[in-house]
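A closer look at the structure
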Amino acid sequence: MESWTVRRVTPEDAGRMRALRLEMLADSPLAFLETLAQAAARSHEGYRRRLGMAAEGPQLAQFVADPGDGPLLGHAGGTEIPEEPLVTVVFSVYLTPASRGGKMLASLVETVADWSTAAGRHELMLEVVVGNGRAVRAYEKLGFEDTGVRLPHPTVPVLTQLQMRRRL
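Residues numbered from 1 in each chain as written. Predicted model: local features only at pLDDT ≥ 70, side-chain atom pairs only at ≥ 80, totals over all residues. Heavy atoms only, no water.

1. Details of the environment of L60
Along the chain, L60 turns up in strand β2 (residues 60-66). For L60, a relative accessible area of 24% gives the class partly exposed. Sequence separation of L60 and V130 is 70 residues, and the distance between their C-alpha atoms is 26 Å. (Helix = DSSP H or I, 4+ residues; strand = E, 2+ residues; numbered from the N terminus. Buried < 20%, exposed > 50% of the residue type's maximum accessible area, 1.4 Å probe, protein only.)

The following block contains the structure:
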């Protein structure tokens, strides 16, 4: 089994995070809010700026599963939203195919949960494309519940997303 740690991103992760982002979008294009072409067109400095915004503070955070050397193995982000100041939206959750089915998902989500709690937000919310049963089951194992709310997919209007929440 590979060894890895979950940690918050830094701007120095730009190259490795770009590689992971491109993999995410190639592997699961409907799960994220940008296209592979958009992510590929972003400059190295653009990645550094984005990671710099997520590297500290209570409003936005990104966490990675880092083996220490080589490619990053997973990612999960969290952000506050003005409409619900006590809720953290979990976004861009991804594990490389070889990393799925173990404890990495739980470690990433729990790290987002700890960050959220420290920021005074005691509920997590995320959205999953309807039909992605594997993701729904994985999140249910982590304590998320389907709220019954259904929303149009933000970039593919013919798809629907289901909302899941978890109290912390």
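And the narrative resumes.
2. Quick look at the nonpolar core
Residues L105, L124, L126, V128, Y139, F144 and M164 are the most contacted members of the largest nonpolar core, which totals 25 residues. Elements that contribute at least two residues to this core include exactly β2, β4 (84-95), α4 (104-118), β5 (123-129), α5 (133-141) and β7 (160-167). The element best represented in this core is α4, accounting for seven residues. Once you skip the residues sitting within four places of it in the chain, Y139 turns out to touch V93, L105, L126, V128, F144 and M164. If you look at the next biggest cluster of nonpolar residues, it comprises 15 residues, including V9, A39, V64 and Y94. (Core = buried A, V, L, I, M, F, W, Y, C linked by side-chain atoms within 4.5 Å. Contact = heavy atoms within 4.5 Å.)

3. Topic: helix α3 (residues 44-54)
Residues of α3 that are buried: G46, Y47, L51 and A54. An end-on view of α3 places all buried positions within 130° of arc, on one side of the element. Structural note: α3 exposes R49 and M53 on the side pointing more than 90 degrees away from its buried face. Packing partners of the buried residues in α3 comprise β1 (5-8), α1 (14-27), α2 (36-41) and β2. (Arc of directions from axis to C-beta.)

Everything listed here is a matter of coordinates, which is why it stays silent on function.
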